[in-house]
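Listed here are the chains, written in short residue letters.
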Amino acid sequence: MHPRPAPPGGALALSPGWRPDGGGARGPCWPWRPRPHTPGAGVAVARRRPSQRLGPPSARKTLPEPDLGADPLRVAPGPTSPRGACVKKSSVPQKWKQLSRLQRTVVLFLLAVLMLFGLRSYVHVADEWTAVDSRSAAAWQMRPANPPVLPAPRKAAENPETVAGLSPQKPQRHFRRGPPNLQTRAPDGDTQERRQAQAQRRAEVLGEAGWRAEAQRDGLSWRGAGTKPPQGTEPPGEKAELPPRPSPKAVRFQANPASQNERQKAVVDAFLHAWAGYRKFAWGHDELKPLTRSFSEWFGLGLTLIDALDTMWILGLKKEFQEARKWVSRKLRFQKNVDVNLFESTIRILGGLLSAFHLSGDVLFLTKAEDFGNRLMPAFRTPSKIPYSFVNIGTGVAHPPRWTSDSTVAEVTSIQLEFRELSRLTGDKKFQAAAEEVTRRVHALRGKLDGLVPMFISTNSGSFTHLGMFTLGARADSYYEYLLKQWIQGGKKESQLLEDYLEAVDGIRKHLLAKSEPRKLTFVGELNHGRFSAKMDHLVCFLPGTLALGAHHGLPAEHMELAQALMDTCYQMYRQMETGLSPEIAHFNLHHTKAVKDVQVKAADRHNLLRPETVESLFYLYRLTGDRKYQDWGWEILHSFNTYTRVPSGGYSSISNVQDPRHPQPRDKMESFFLGETLKYLYLLFSDDPDLLSLDTYVFNTEAHPLPIWAPS
């Protein structure tokens with residue numbers, strides 16, 4: 001603030017708050033030392049209260065000019081000092097006022113920082129004591145879940161998060177369909193984020209410290225894969241307060257290099273090669289593009305990493321598992337504005353997290369699974385209770401695909417294993433109730449043909465659409481698979497599921513089975529308004545394994561006979577191709593022509609996506625029959641993968657032409673299910689241990705993630 005002009009007479013009138021040493025007015029006493037006095041000059045200081053306005057110069061009061069000639073450093077007594085000397089106050093408020101605005105701001109900022117760190121320390125200590133207190137034996141017994149627990153693997157040598165150095169691509173927005181009043185509201189951000197943060201801190205305490213402590217306390221060592229959940233697990237009950245505790249008494253089987261045979265080691269080598277490419281070029285992203293050494297995003301949630309968690313555990317890859325777990329703990333966040341497909345995200349992400357929790361006993365994965373499950377729930381808020389295909393996990397807005405208002409039958413009926421298990425673990429019935437309501441409604445619908453279902457269902461009316469079209473391929477396949485597997489998961493108590501499955505198998509036999517020429521291969525075709533088509537998707541090759549699994553659990557022996565016949569056909573879909581790899585879709589010859597193969601392929605269908613369905617069924621057939629030819633067939637398929645799809649820099653690539661071994665035309669994409677399913681099933685196929693993920697104690701979801709049977713027989 002600049003001084004005002006001197007009034008007549010030579011005295012200098014200053015604005016209040018000014019002081020000769022450059023500081024601001026801090027009260028009636030000024031701690032300053034004046035400069036040496038120039039003879040003949042006088043100082044007159046105008047005083048006013050902060051709220052008082054200055055009047056004209058003639059109205060200003062001035063102090064008498066002091067005589068400073070004798071002592072240039074002597075200060076004239078102020079008007080507030082009756083004794084002729086300024087009394088200096090030293091109270092805390094007075095000292096605070098003497099500080100400049102900048103100084104006060106710095107002090108307040110430091111105090112705020114100290115309070116913030118104190119609060120965070122308090123929350124951390126409080127959560128840790130809460131977690132420790134909650135681990136009492138009596139409290140844990142209240143929970144229904146008792147999955148096996150294994151100790152944490154050792155830390156990785158280096159952090160791959162610094163390798164990729166690539167930013168995720170912006171997720172694609174989907175066109176919203178359906179009436180506006182049916183769009184779900186966004187979740188309460190503050191409340192949800194608070195709950196998520198608290199759960200995350202608790203998971204960190206239990207997952208990193210408690211996980212290792214329990215493993216050491218129980219004297220456990222890394223075993224690669226738990227194989228038996230505790231007996232007598234029950235369906236979900238009322239909501240409980242504590243997270244489930246893994247059972248240290250569960251049977252475990254060793255998975256280390258010493259116990260692996262040569263074929264299993266070859267699978268481990270293939271996995272490590274694929275993982276090296278993902279780790280180097282696509283870490284934390286959805287899928288690897290091995291040729292261009294980059295990545296592609298679908299949901300932006302680290303799809304390949306989550307899909308491969310239980311595979312790494314089963315293969316005994318300690319370092320890789322712990323490295324991936326660290327990414328899940330530090331980087332996996334679901335509060336983001338992105339649409340996810342309900343079916344794909346359920347079987348891959350939710351199923352992968354639940355399976356990782358059961359095998360490792362790490363509560364971090366269950367915490368993430370519950371968070372993700374809650375974000376999928378808005379998809380079920382439709383007039384018919386048939387869920388939409390897409391849901392935004394950040395905003396809570398659900399909608400059908402942009403091209404139709406329908407959902408596919410396979411999508412809405414192949415999420416039940418995961419949602420039911422999530423309810424059992426958390427005690428929250430809403431997940432199971434929503435998924436099972438879909439099953440009940442589909443059970444009662446008209447439009448079926450001897451248990452066969454159409455491919456589409458309306459989210460508005462809840463009825464089948466596009467009637468008269470029946471297939472076991474895309475859009476309908478896993479409906480039949482989950483009928484059987486839900487029945488097994490629930491302890492074989494839900495008769496409605498079994499009845500629907502048995503009726504469907506009879507419908508397949510009656511309407512969709514045929515034999516090719518010249519080898520008389522049994523295959524499953526399609527029916528379009530009464531017209532049979534000799535078209536069979538590679539996806540249909542899940543059926544031999546499903547039929548064999550049903551026979552193992554007491555269903556008619558003729559199911560196993562059909563399973564073996566269809567297994568031969570699926571193998572021939574590989575065998576009759578020049579690369580030894582199956583096309584995506586095959587057409588079977590029905591005419592007596594010697595020069596023509598049984599399996600015919602159209603130009604648009606001759607690609608291979610590294611799919612798992614055939615090796616999945618090979619695993620079931622070998623596990624349940626002991627016939628080693630199924631292992632040999634799987635070994636041939638693995639050899640073909642290594643020959644025509646392996647990329648030297650890391651990873652495996654889908655190919656566009658299985659009929660041209662010279663130019664298979666790589667497509668520059670490694671699907672997440674190659675690590676999550678294909679290599680996992682190959683590893684299990686080559687194992688001679690029937691108790692490694694026993695089919696009497698585990699049921700695999702359609703993405704090969706093992707979940708425990710609730711009441712094992």
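Please read all numbers here as calculations on a predicted model, not as lab measurements. (Residues numbered from 1 in each chain as written. Predicted model: local features only at pLDDT ≥ 70, side-chain atom pairs only at ≥ 80, totals over all residues. Heavy atoms only, no water.)

Trainee: Even after reading the chapter, I still don't get the packing of helix H17 (residues 543-552) against helix H18 (residues 557-575), so can you show me in this structure?
Mentor: Helix packing for two helices is described by the angle between their axes and how far apart those axes are. As a packed pair, H17 and H18 sit with axes 8 Å apart at the nearest point and diverge in direction by 160°. In terms of axis orientation, H17 runs roughly antiparallel to H18. Handedness of the crossing formed by H17 with H18: left-handed. Together, Leu543, Pro544, Leu547, Ala548 and Ala551 of H17 and His559, Met560, Leu562, Ala563, Leu566, Met567 and Cys570 of H18 make up the contact between the two elements. Tallied by class, residues from the contact of H17 with H18 come to 11 nonpolar, 1 polar and no charged. (Axes fitted to C-alpha atoms, helices over the stretch in contact; angles between N-to-C directions. Helix = DSSP H or I, 4+ residues; strand = E, 2+ residues; numbered from the N terminus. Parallel < 35°, antiparallel > 145°, perpendicular 65-115°, else oblique. Left-handed = near helix turned anticlockwise from the far one by under 90°. Contact = heavy atoms within 4.5 Å. Nonpolar A, V, L, I, M, F, W, Y, C, P; charged D, E, K, R; others polar.)

Trainee: It is not clear to me how a negative patch on the surface should be interpreted in this structure. Could you clarify?
Mentor: Taken together, the side chains of Glu499, Glu503, Asp506, Glu558 and Glu561 present a region of like negative charge at the surface. Of all the elements in the fold, those that place two or more residues in the negative patch are helix H16 (495-511) and H18. Ranked by residue count, the leading element in the negative patch is H16, at 3 residues. (Patch = residues over 30% accessible without salt bridge, like charges linked within 9 Å, V, L, I, M, F, W, Y side chains within 5 Å. Areas by Shrake-Rupley, 256 points an atom, 1.4 Å probe, with all protein chains shown as cover. Salt bridge = Lys/Arg side-chain N within 4 Å of Asp/Glu carboxyl O. Lys, Arg positive; Asp, Glu negative; His and termini not counted. Charge placed at Lys NZ, Arg CZ, Asp CG, Glu CD.)

Trainee: Can you help me understand the packing of aromatic side chains in this one?
Mentor: Geometry of an aromatic ring pair is reported as the spacing of the ring centres plus the angle between the planes. Enumeration according to the criterion identifies 22 aromatic pairs in this entry. An angle of 75° between the planes, with centres 4.9 Å apart, marks the rings of tyrosine 479 and tyrosine 480 as edge-to-face. With respect to burial, tyrosine 479 and tyrosine 480 carry one shared label: buried. Consider the rings of phenylalanine 523 and phenylalanine 532, whose centres lie 6.2 Å apart with planes at 45°: the pair is tilted. (Phe/Tyr/Trp six-rings, centres within 6.5 Å; stacked < 30°, edge-to-face > 60°. Buried < 20%, exposed > 50% of the residue type's maximum accessible area, 1.4 Å probe, protein only.)

Trainee: Please clarify how the sheet that holds strand S8 (residues 406-408) should be interpreted in this entry.
Mentor: Pairing between sheet strands relies on hydrogen bonds along the backbone, with the strands arranged either parallel or antiparallel. In space, the 3 strands of this open sheet follow the order S8-S9-S10, with antiparallel pairing throughout. The open sheet has two edge strands with one neighbour each: S8 and strand S10 (464-465). Two elements, strand S9 (residues 456-458) and S10, share 2 bridges in a ladder whose sense is antiparallel. When the bridges of S10 are listed, phenylalanine 456 appears paired with threonine 465. (Pairing = 2+ DSSP bridges.)

Trainee: Would you explain H16 in this entry?
Mentor: Helical geometry: 3.6 residues make up each α-helical turn, so side chains three or four residues apart lie on a common side. With 17 residues, H16 ought to run about 24 Å at 1.5 Å a step, and its terminal C-alpha atoms sit 24 Å apart, in line with that. Those residues of H16 not exposed but buried are Leu497, Leu498, Asp500, Tyr501, Ala504, Val505, Gly507, Ile508 and His511. (Expected span 1.5 Å × (residues − 1).)

Trainee: Please explain the state of the cysteines as it appears in this structure.
Mentor: Chemically, a disulfide is nothing more than a covalent bond linking the sulfur atoms of two cysteines. Summed over all chains, the structure comprises 1 disulfide. The side chain of cysteine 541 participates in a disulfide bridge whose partner is cysteine 570; the two sulfur atoms lie 2.1 Å from each other. With the S-S bond torsion at -105°, the cross-link from cysteine 541 to cysteine 570 turns out left-handed. Note that cysteine 541 is positioned in the loop between strand S16 (535-537) and H17 and cysteine 570 in helix H18, a separation of 29 residues in sequence. For the pair cysteine 541 and cysteine 570, one class covers both residues: buried. (Disulfide = S-S within 2.5 Å.)

Trainee: Before we go on, may I ask you to explain the nonpolar core in this structure?
Mentor: The tendency in soluble globular proteins is for nonpolar side chains to be buried side by side. Counting residues in each nonpolar core, the largest one holds 157 residues, and the members touching the most others are Trp275, Leu305, Leu309 and Phe419. In terms of residue count, helix H10 (residues 342-360) provides more of this core than any other element does, 10 residues in total. Those residues within four positions of leucine 305 in sequence are excluded, and the remaining contacts are Trp275, Tyr278, Trp283, Met312, Ala324, Trp327 and Val328. (Core = buried A, V, L, I, M, F, W, Y, C linked by side-chain atoms within 4.5 Å.)

Trainee: Can you help me understand the environment of leucine 309 in this one?
Mentor: Relative to the assigned elements, leucine 309 resides in helix H8 (residues 309-315). You can call leucine 309 buried: its relative accessible area is 0%. Taking the C-alpha atoms as reference points, leucine 309 and serine 355, 46 residues apart in sequence, are found 8.3 Å from one another. In contact with leucine 309, other than residues within four places in its own chain, are Phe321, Ala324, Val328, Leu353, Ala356 and Phe365.

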